[in-house]
Amino acid sequence: MINYLTLSKKREITILLLGQSGVGKSTFINALVNYLSFENMDEANGQPICLIPVSFTIADPMTVRPVSVALGDQDFDENTEDPTKSATKIPKCYKFQNDNIVLNIIDTPGVADTAGVDKDQTHMQNILDFISNYREINAFCVLLKPNDAKVDVVFKYCMFQLFTHLNKSAANNILFLFTNSRSTHYLPGDSGPALISLLDQIRERPPNVDIIYNKKTTYCFDSESFRYLVASVPPNNIQFDPKYKSSYVESWDRVEINQLYKSKLEYLE
């Protein structure tokens, strides 16, 4: 996931995901593993990998009525039953490996938890305790939604908490991931200017940390192709109109996404 990693030999890489509840961290992990495991969406068709149990509601294309879609074994640490509550309850590491890498992806409870501010503080302390067990964190990935002009609340909380407990050099390993970005043409939308303004504040005022925001640290993607695969397989068996499949294939095959997935984590997206 990091463009400065040399993958000439099998190496262990650890990344931490941070973001607001509902931004799509768990879905991103599932999608990432599928992108790394299959060359294209057709190859993954019928056998999507689901490290984390997934559950969501979509409209049945045939009846337009909402239907529940689920895949994966139930995990006590993941809420897949009540969509009004945050999905991930505690930090948890998911491991993926291929011929080149061993990838540890640390999923975390969302900031702005539905249970309130006190729960956020508990979550952050649990996250800090959890990552203390790792010798090295290669990337702190902050997941954001595009067209959200209020990213400051979530991001500021994450950053101030991190730099209260971690060395400022951690700023060199921060990446910004914008989920669900097909609707903004795979761009940050209104979230971009809001994030830049906040980064200026963090640089000019305490904690006075310079966090880089540019093409190499900012990535936009959409995990809708993974959701399509999940909805298509048993026990869900949703039948999609073939003419809509091209949009999911495009989401999978985007050039920038391939820079991440096809080059074995040379870039994070």
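Described in the following lines is the structure provided in the data block.

Thresholds applied
Residues numbered from 1 in each chain as written. Predicted model: local features only at pLDDT ≥ 70, side-chain atom pairs only at ≥ 80, totals over all residues. Heavy atoms only, no water. Helix = DSSP H or I, 4+ residues; strand = E, 2+ residues; numbered from the N terminus. Contact = heavy atoms within 4.5 Å. Pairing = 2+ DSSP bridges. Axes fitted to C-alpha atoms, helices over the stretch in contact; angles between N-to-C directions. Polar contact = N/O pair within 3.5 Å; in protein donor to acceptor, adjacent residues only side chain to side chain.

1. Some remarks on the overall build of the protein chain
Of regular secondary structure, the protein chain possesses eight helices and eight strands. When contacts within the protein chain are restricted to residue pairs at least 6 apart in sequence, long-range pairs at least 24 apart make up 69% of them.

2. A word on the sheet that holds strand β6 (residues 139–144)
Pairing is mixed in the open sheet, where six strands are placed in the order β4-β5-β1-β6-β7-β8. Of all strands in the sheet, those bounded by a partner on one side alone are β4 (92–97) and β8 (218–220). With strand direction ignored, the average angle separating the axes of adjacent strands in the sheet is 25°. Of the pairings in the sheet, the one linking strand β7 (residues 174–178) to β8 comprises three bridges and is parallel in character. The partner of F176 across the bridge, within β8, is T218. On the sheet, helix α1 (residues 25–37) packs against β1 (11–19), β4, β5 (101–107), β6 and β7 and is oriented at approximately 165° with respect to β5.

3. Topic: the side chain of T179
The residue T179 is located in the loop between β7 and α5 (191–204) in this model. A distance of 3.1 Å separates a polar atom in the side chain of T179 from a polar atom in the side chain of N180. For T179, the residues in contact, after removing those within four places along its chain, are V23, L143, L144, K145, P146 and F221.

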